[in-house]
Amino acid sequence: MTDQLDRLLQIMAKLRDPKGGCPWDLEQTFKTIAPYTIEEAYEVADAIERGDVGDLKDELGDLLLQVVFHAQMAREAGQFDFGEVASGIADKMVRRHPHVFADAKVAGAEAQTASWEAQKAEERTAKGKDKDADMSALAGVGLAMPALVRADKLQRRAGRVGFDWPEANQVVDKIEEEIAELRAELPEGDPDRLEDEIGDLLFAVVNLARHLQVDSEAALRRCNGKFERRFRSIEARLAASKRSPKEASLAEMEALWEAVKRDERRANRNA
């Protein structure tokens, strides 16, 4: 395994070599590569969702290349190298799993999650010795995360220090309140206010999902997949009569949508 990793590191170094390297690779920076890193992580998730193990292997390779790329640029700048990245995460895993690598005991997965968060809190406290360190309960929740994921993490962090609704029903009440506020803004049509109210509504829905132990990002991906599947079925049924959605009325397409839903339910019952 070491040989394969060394080969990849050497290839990346050659691509970034000012003498004979790749012009495109040489032009890249942390900032320009970051979107590709995010994209590759999503492609890993997509391969998992589709259950395609072959694609998963390829996408993990692409994601590993992103880590190697960033590490190479940092090495060139004298900041750190891949070895330090690997050593740092190895040390962190040992430190955060004392029940595996030391004598600590945990009762189960839930207890380990609590232990993990306690370790992270201790690490933030240690960093707090630096006068410039951000000691907020929300520190370290990355700005580049998908908005739904970041909303969930912000809420979880706030919840750990007591800023949270005790019951899910209270969150439902909050959602209804946000819908009412959105309705009140509709007649005015102010884009900024509408964006603000829609944001509040989405944030509240994420909060409800969290209280119900539902992954809001996964739930929306599932809904996206369901919508795509059903809409493609509408297109196929219209194509059978040599028509496109542009040539069908909304009422007809809604009827087809309901027919697709009935067919899906029937197929699920018979599965």
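So, here's what we can say about the structure.

Calculation notes
Residues numbered from 1 in each chain as written. Predicted model: local features only at pLDDT ≥ 70, side-chain atom pairs only at ≥ 80, totals over all residues. Heavy atoms only, no water. Helix = DSSP H or I, 4+ residues; strand = E, 2+ residues; numbered from the N terminus. Rg over C-alpha atoms; globule rule 2.2 N^0.38 Å. Buried < 20%, exposed > 50% of the residue type's maximum accessible area, 1.4 Å probe, protein only. Contact = heavy atoms within 4.5 Å. Areas by Shrake-Rupley, 256 points an atom, 1.4 Å probe, with all protein chains shown as cover. Lys, Arg positive; Asp, Glu negative; His and termini not counted. Charge placed at Lys NZ, Arg CZ, Asp CG, Glu CD. Patch = residues over 30% accessible without salt bridge, like charges linked within 9 Å, V, L, I, M, F, W, Y side chains within 5 Å. Salt bridge = Lys/Arg side-chain N within 4 Å of Asp/Glu carboxyl O. Expected span 1.5 Å × (residues − 1). Arc of directions from axis to C-beta. Axes fitted to C-alpha atoms, helices over the stretch in contact; angles between N-to-C directions. Parallel < 35°, antiparallel > 145°, perpendicular 65-115°, else oblique. Left-handed = near helix turned anticlockwise from the far one by under 90°. Phe/Tyr/Trp six-rings, centres within 6.5 Å; stacked < 30°, edge-to-face > 60°. Polar contact = N/O pair within 3.5 Å; in protein donor to acceptor, adjacent residues only side chain to side chain.

This part is about the overall build of the protein chain. A tally of regular secondary structure across the protein chain gives 12 helices and 0 strands. In terms of C-alpha radius of gyration, the protein chain reaches 25 Å, well past the compact-globule figure of 18 Å for 271 residues. Across its three principal axes, the protein chain shows a C-alpha extent of roughly 65 × 50 × 45 Å. Scored against the burial criterion, the 271 residues of the protein chain give a buried share of 22%. Taking contacts inside the protein chain between residues at least 6 apart in sequence as the whole, the part at least 24 apart equals 48%. For the protein chain, the computed accessible surface area is about 18,900 Å², with 57% contributed by carbon and sulfur atoms. Charge separation in the protein chain, taken as the distance between the mean sites of 41 positive and 53 negative side-chain charges, equals 4 Å.

Right, let's get into a nonpolar patch on the surface. A grouping of Leu64, Val67, Phe80 and Val85 is seen on the molecular surface, where their side chains present a nonpolar patch of about 270 Å² in accessible area. Inspection of the secondary structure puts Val67 in helix 4 (residues 53–76).

A few words on the side chain of Gln72. For Gln72, the location among the structural elements is in helix 4. You can call Gln72 buried: its relative accessible area is 7%. Residue contacts for Gln72: discarding those within four places in its chain leaves Met12, Ala13 and Arg16.

Moving on, we come to helix 9 (residues 168–185). The end-to-end C-alpha distance of helix 9, which contains 18 residues, comes to 26 Å, matching closely the 26 Å that a straight helix rising 1.5 Å per residue would cover. Where helix 9 is concerned, the buried positions are Val171, Ile175, Glu178, Leu182 and Glu185. The arc that holds the buried residues of helix 9, viewed along the axis, is 80°, so those residues lie on one side. Facing away from the buried side of helix 9, by more than 90 degrees, are the exposed residues Asn169, Arg183 and Ala184.

With that out of the way, let us pick up the packing of helix 9 against helix 10 (residues 191–211). Interaxial distance between helix 9 and helix 10 falls to 9 Å at its minimum, and their mutual angle equals 165°. Compared by their axis directions, helix 9 and helix 10 come out roughly antiparallel. Handedness of the crossing formed by helix 9 with helix 10: left-handed. Residues Ala168, Val171, Val172, Lys174, Ile175, Glu178, Ile179, Glu181, Leu182 and Glu185 of helix 9 pack against Arg193, Leu194, Glu197, Ile198, Asp200, Leu201, Ala204, Val205, Asn207, Leu208 and His211 of helix 10.

Once that is clear, we can look at the packing of aromatic side chains. Applying the stated rule across the entire model yields 3 aromatic pairs. Between the aromatic rings of Phe227 and Phe231, the centroid separation amounts to 6.0 Å while the plane-to-plane angle is 10°, which identifies the pairing as stacked. Of the two residues, Phe227 and Phe231 both sit in helix 11 (residues 216–240), 4 residues apart, roughly one turn of that helix. In this structure Phe227 comes out as partly exposed when scored by relative accessible area, which is 48%. An aromatic cluster of at least three residues, connected via ring pairs, comprises Phe227, Phe231 and Trp257.

All told, the structure shown has 18 salt bridges when counted by the stated rule. The shortest N-O distance in the salt bridge between Glu258 and Lys261 comes to 3.9 Å. Taken together, the positions of Glu258 and Lys261, both in helix 12 (residues 250–270) and 3 residues apart, correspond to about one turn of that helix.

Position of Ser244 relative to the elements: it lies in the loop between helix 11 and helix 12. The exposure class assigned to Ser244 is partly exposed, which follows from its relative accessible area of 27%. Here the alpha-carbon distance between Ser244 and Ile234, two residues 10 residues apart in the chain, equals 9.2 Å.

Given 3.6 residues per turn, any residue in an α-helix points the same way as the ones three and four places further on. Taking 1.5 Å of rise per residue, the 24 residues of helix 4 would be expected to cover 34 Å, and the 35 Å separating its terminal C-alpha atoms lies within 8% of that figure. Restricting attention to buried positions, one finds in helix 4 the residues Glu59, Gln66, Val68, Phe69, His70, Ala71, Gln72, Met73 and Ala74. Where helix 4 is buried, its residues meet helix 1 (2–15), helix 2 (23–27), helix 3 (30–50) and helix 5 (82–95). The N-cap of helix 4, judged by a side-chain oxygen 3.2 Å from the amide nitrogen of Gly54 a few residues on, is Asp52. One or two positions beyond helix 4, positive phi appears at Gly78, with a value near 75°.

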